[in-house]
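Breakdown of the fold
Chain by chain, the residues:
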Amino acid sequence: MIEELLLKEGSITYKNVGSSMRPLIKENRDVLTIVKRDPTVPLKKYDVVLYHKRGNHYTLHRILKIKKDGSLIINGDHNSWLEKDIKQEDILGILTTIERKDKKIDLATSKKYYWYCHTYIAIHPIRRFFLFCFALPRRTINHFKRKKHENK
């Protein structure tokens, strides 16, 4: 459905669902506009892209690196893991604007967004460590809950 809308309309606007791009994007608050990717325009580091994942799952994450073979390393700002070897042909669109509280943030021209990207991404290795540590207790509890449920 998302792919069809992008093909037909050229862009989609919707309210975000999920927390993987916090603090930049907050769930059920921010309205996002994604423009269909033009394959003739090269993707750039720090672009926030919508891409097709396994099955019918779509994800909006940031490009951290474009490898020599053209594949991408992508990460949600709030995630501790990297998604490697994403193919450029799986990229459907690019986030262009975020609307919140009657403000429209144009990602191509916003100085605050520019500094957010460069600062937040520069501390990425440190953030990954802390996110991993903070998530460890939750993952451990969930692991034991699954084991308990499986043993019933």
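Here is what the cut-offs are and how they apply
Each chain has its residues counted from 1, running along the sequence as written. The predicted nature of this model means local features are confined to residues of pLDDT at least 70 and side-chain atom pairs, given and counted, to a pLDDT of 80 or more, with totals for whole chains, interfaces and linings taken over all residues. Side-chain descriptors were evaluated using all non-hydrogen atoms of the structure, hydrogens and water having been removed beforehand. Every case where a carboxyl oxygen of Asp or Glu lies within 4 Å of a side-chain nitrogen of Lys or Arg is listed as a salt bridge. Note on exposure labels: buried denotes an accessible area under 20% of the residue type's maximum, exposed denotes more than 50%, and partly exposed covers the range between, all computed with a 1.4 Å probe on protein chains only. Secondary structure follows DSSP: runs of H or I at least 4 residues long count as helices, runs of E at least 2 residues long count as strands, and numbering of each begins at the N terminus. Residue contacts follow a heavy-atom distance rule, with two residues in contact if any of their heavy atoms lie within 4.5 Å. Working definition of a nonpolar core: buried Ala, Val, Leu, Ile, Met, Phe, Trp, Tyr and Cys residues. They are joined through side-chain atoms within 4.5 Å. Stacked, tilted and edge-to-face are the three classes assigned to paired rings of Phe, Tyr and Trp, where Trp is represented by its six-membered ring and a pair needs centres within 6.5 Å; plane angles under 30 degrees give stacked, over 60 edge-to-face, the rest tilted.

Some points on the pattern of salt bridges
All chains considered together, the criterion is met by five salt bridges. For the salt bridge of Arg 29 with Asp 30, the shortest nitrogen-to-oxygen distance reads 2.7 Å. On the accessibility criterion, Asp 30 (0% relative accessible area) is buried. Connected via shared salt-bridge partners are Arg 29, Asp 30 and Arg 100.

Re the side chain of Thr 33
Mapped onto the elements, Thr 33 comes out in strand 2 (residues 31–36). Excluding residues that lie within four positions of it along the chain, Thr 33 makes contacts with Ile 12, Thr 13, Ile 94, Leu 95, Thr 96, Thr 97 and Glu 99.

Concerning the environment of Lys 104
Position of Lys 104 among the secondary structure elements: in strand 8 (residues 103–106). A sequence separation of 89 residues divides Lys 104 from Lys 15, and the C-alpha atoms of the two residues are 14 Å apart. For Lys 104, the contacting residues outside a window of four places in its chain are Thr 97, Ile 98 and Glu 99.

Concerning unusual backbone geometry
Trans is the prevailing form of peptide bonds, just as negative phi is the prevailing case for residues other than glycine. In this model, Arg 22 is joined to Pro 23 through a cis peptide bond whose omega is 5°. Relative to the assigned elements, Pro 23 resides in the loop between strand 1 (11–15) and strand 2. Phi is positive for Lys 101, close to 45°, though the residue is something other than glycine. The topology assignment puts Lys 101 in the loop between strand 7 (91–100) and strand 8. Among the residues examined, Lys 101 registers a relative accessible area of 69% and is labelled exposed. Residues other than glycine seldom take positive phi values, yet Asp 102 does so here, at roughly 65°. Of note, Asp 102 is situated in the loop between strand 7 and strand 8.

Quick notes on the nonpolar core
Among the nonpolar cores identified, the biggest contains 21 residues, and Leu 24, Ile 25, Leu 60, Leu 95, Ile 98 and Tyr 113 are the most heavily contacted of them. Mapped by element, the contributors of at least two residues to this core are strand 2, strand 3 (48–52), strand 4 (58–66), strand 7 and helix 2 (111–122). Here the element with the most residues in this core is helix 2; it accounts for five residues. Not counting the four nearest positions on each side in its chain, Ile 98 is found in contact with Leu 24, Ile 25, Asp 30, Val 31, Leu 32, Lys 103, Lys 104, Ile 105 and Leu 107.

Quick word on the packing of aromatic side chains
The relative placement of two aromatic rings is captured by the distance of their centres and the angle of their planes. The final tally for this structure, using the stated rule, is three aromatic pairs. When the centroid spacing of 6.4 Å and the interplanar angle of 25° are considered together, the rings of Tyr 113 and Tyr 116 count as stacked. Separated by three residues within a single helix, Tyr 113 and Tyr 116 lie in helix 2, roughly one turn from each other. Judged by its relative accessible area of 9%, Tyr 113 falls in the buried class. Looking at Tyr 116, the relative accessible area reads 18%, which means it is buried. The interplanar angle of 15° and the centroid separation of 5.0 Å between the aromatic rings of Tyr 116 and Tyr 120 together place this pair among those described as stacked. Placement of both Tyr 116 and Tyr 120 in helix 2 is noted, with a separation of four residues, approximately one turn of the helix. Just as Tyr 116 is buried, Tyr 120 falls in that class too. Among the aromatic residues, those joined into a cluster by ring pairs are Tyr 113, Tyr 116 and Tyr 120.

It is worth stressing that arrangement in space is one thing and function is another; only the former is reported here.
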